[in-house]
Amino acid sequence: MNDGPSRVYGYVGPPELRSTVRPDRAGRTIRSAADLDTWLSGRGAAEISEPFTFVVALDGLVRLAPRRSEHVACAGGADVLAAGEMGFVPAADRWAVDEVTNHSTGYCPNLDSWQAVGRALDLAGVEHPGRFTHEVVFRLCDACGERSIVREQDFVCVFCGNALPRTWNAGP
Ligand SMILES: [Zn+2]
């Protein structure tokens, strides 16, 4: 992994989900382990046992929102450096990330968005696995224009059967 500039991801999900963007639905900014502790302490045990929606905003900081939140709402409608789902476990004296993915059909981020995630968690002083624990491969089909998730290295569009490129292309 290099420390080059992060790619910026624009929203590519269904236009109607932009209506979920409201000031009171934007994700909580996590600047420190204390912020994370405060935010998680407001959640129930059942909710904490499942991953949350997250984005890394253009300021390089993590935003967290309840599990079924749309990423675009978590981001306040803005572009992001990363998006996905993130789960937490109690560590010695604070919360740590135990699972984290780039699973966001709203932004379809590339795997190298990990750099922005790792940097944001390091900034906040939150321990993490050092990589996505589950990697989602998004591609845009040149033939039919649909975005899909590539499973088991099978680079074929599930909608039309066209071959998909090996390099990430799922941006706006
Ligand atoms: Zn297709």
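Refer to the structure above for everything that follows.
The structure contained in this document is the topic of the report that follows. Position numbers for residues start from 1 in each chain and track the written sequence from start to end. Totals for whole chains, interfaces and linings use every residue, but because this is a predicted model, local features are given only for residues with pLDDT of at least 70 and side-chain atom pairs only at 80 or more, for both listing and counting. Here the side-chain values reflect all heavy atoms present in the structure, with hydrogen atoms and water set aside.

## Regarding the overall build of the protein chain
Line of reasoning, step 1. Numbering of helices and strands runs from the N terminus, with a helix taken as a DSSP run of H or I at least four residues long and a strand as a DSSP run of E at least two residues long. When its secondary structure is counted, the protein chain shows 4 helices and 7 strands.
Line of reasoning, step 2. In the protein chain, the succession of helices and strands from N to C terminus is β-α-α-β-β-α-β-β-α-β-β.
Line of reasoning, step 3. Since a compact globule built from 172 residues should have a radius of gyration of about 16 Å, the 16 Å found for the protein chain is in line with a globular shape.
Line of reasoning, step 4. For the protein chain, the spread of C-alpha atoms along the principal axes amounts to about 50 × 35 × 30 Å. Throughout, radius of gyration means the C-alpha value; the globule benchmark is 2.2 Å times the number of residues raised to the power 0.38.

## Description of the packing of aromatic side chains
Each pair of aromatic rings is reported with the distance of its centres and the angle of its planes.
Line of reasoning, step 1. Pairs were defined over the aromatic rings of Phe, Tyr and Trp, the Trp ring being its six-membered one, requiring ring centres within 6.5 Å. Orientation was assigned from the angle between planes: stacked under 30 degrees, edge-to-face over 60, tilted for the rest. With the rule as written, the count across this model stands at 5 aromatic pairs.
Line of reasoning, step 2. With 5.3 Å between their ring centres and 80° between their planes, Trp 114 and Phe 132 make a pair best called edge-to-face. Taken as a pair, Trp 114 in helix H4 (residues 114–124) and Phe 132 in the loop between H4 and strand E6 (137–140) lie far apart in primary sequence, 18 residues in all.
Line of reasoning, step 3. Following the ring pairs from residue to residue traces out a cluster consisting of Trp 39, Phe 52 and Phe 88.
Line of reasoning, step 4. Should the NZ of a Lys or the CZ of an Arg lie within 6 Å of a ring centre and within 35 degrees of the ring normal, that charge is described as sitting over the ring. The ring of Trp 39 has Arg 43 sitting right over it, with the charged end atom 4.2 Å from the ring centre.

## Here's the deal with the sheet that holds strand E3 (residues 62–65)
Line of reasoning, step 1. A pair of strands is treated as paired once DSSP finds two or more bridges between them. Strand order in the open sheet formed by 5 strands is E1-E3-E2-E4-E5, with antiparallel pairing between adjacent strands. The open sheet terminates on both sides in strands that have one partner only, identified here as strand E1 (28–30) and strand E5 (95–101). Sheet twist, expressed as the average angle between the axes of neighbouring strands with direction ignored, equals 40°.
Line of reasoning, step 2. Judged from the 3 bridges that link them, E1 and E3 form a sheet pairing that is antiparallel. When the sheet's bridge partners are listed, Arg 28 is paired in E3 with Leu 64. Structural elements are reduced to axes, namely lines fitted to C-alpha atoms, with helices fitted over the stretch in contact, and the angle between N-to-C directions of any two is expressed from 0 to 180 degrees.

## Here we look at the environment of Met 86
Line of reasoning, step 1. Structurally, Met 86 can be placed in strand E4 (residues 80–90).
Line of reasoning, step 2. Only protein chains enter the accessibility calculation, which uses a 1.4 Å probe; a residue whose area is less than 20% of its type maximum is buried, one above 50% is exposed, and one in between is partly exposed. You can call Met 86 buried: its relative accessible area is 0%.
Line of reasoning, step 3. Taking the C-alpha atoms as reference points, Met 86 and Val 100, 14 residues apart in sequence, are found 4.3 Å from one another.
Line of reasoning, step 4. Setting aside residues no more than four positions away along its own chain, Met 86 makes contact with Pro 51, Phe 52, Phe 54, Leu 64, Val 97, Glu 99, Val 100, Val 117 and Leu 121. By definition in these notes, contact holds between two residues if any of their heavy atoms fall within 4.5 Å.

## Focus: the coordination of the zinc ion
Line of reasoning, step 1. Atoms of type N, O and S within 2.8 Å of a metal are treated as its donors, and for Na, K and Ca the window is 3.2 Å; water is not considered, so some sites may appear to be missing partners. At the metal site, the zinc ion is ligated by Cys 141 (SG), Cys 144 (SG), Cys 157 (SG) and Cys 160 (SG), and these contacts range over 2.3 Å.
Line of reasoning, step 2. Each of the 4 donor atoms bound to the zinc ion contributes to angles spanning 102 to 116°, and the resulting shape is tetrahedral.
Line of reasoning, step 3. The sequence pattern describing where the donors of the zinc ion fall on their chain is C-x2-C-x12-C-x2-C.
Line of reasoning, step 4. Residue class for Cys 141 comes out buried when judged on its relative accessible area of 1%. The geometry test gives tetrahedral to four donors whose angles all lie between 85 and 135 degrees, gives square planar to four donors and octahedral to six donors whose opposite members are over 155 degrees apart with all other angles between 65 and 115, and gives irregular to the rest.

## Comments concerning the pattern of salt bridges
Line of reasoning, step 1. Put simply, a salt bridge is a Lys or Arg side-chain nitrogen that is within 4 Å of an Asp or Glu carboxyl oxygen. Enumeration over the complete set of coordinates arrives at 6 salt bridges.
Line of reasoning, step 2. Among the salt bridges present, the one from Asp 112 reaches Arg 7, with a minimum N-O distance of 3.7 Å. With Asp 112 in the loop between E5 and H4 and Arg 7 in the segment before E1, this residue pair connects regions lying 105 residues apart in the sequence.
Line of reasoning, step 3. What makes Asp 112 partly exposed here is its relative accessible area of 32%.
Line of reasoning, step 4. Two residues, Arg 67 and Glu 50, come together in a salt bridge whose shortest N-O distance is 3.2 Å. With Arg 67 in the loop between E3 and helix H3 (71–74) and Glu 50 in the loop between helix H2 (45–48) and strand E2 (52–57), this residue pair connects regions lying 17 residues apart in the sequence.
Line of reasoning, step 5. When its relative accessible area of 25% is taken as the criterion, Arg 67 is described as partly exposed.

Just geometry here; none of it tells us what the structure is for.
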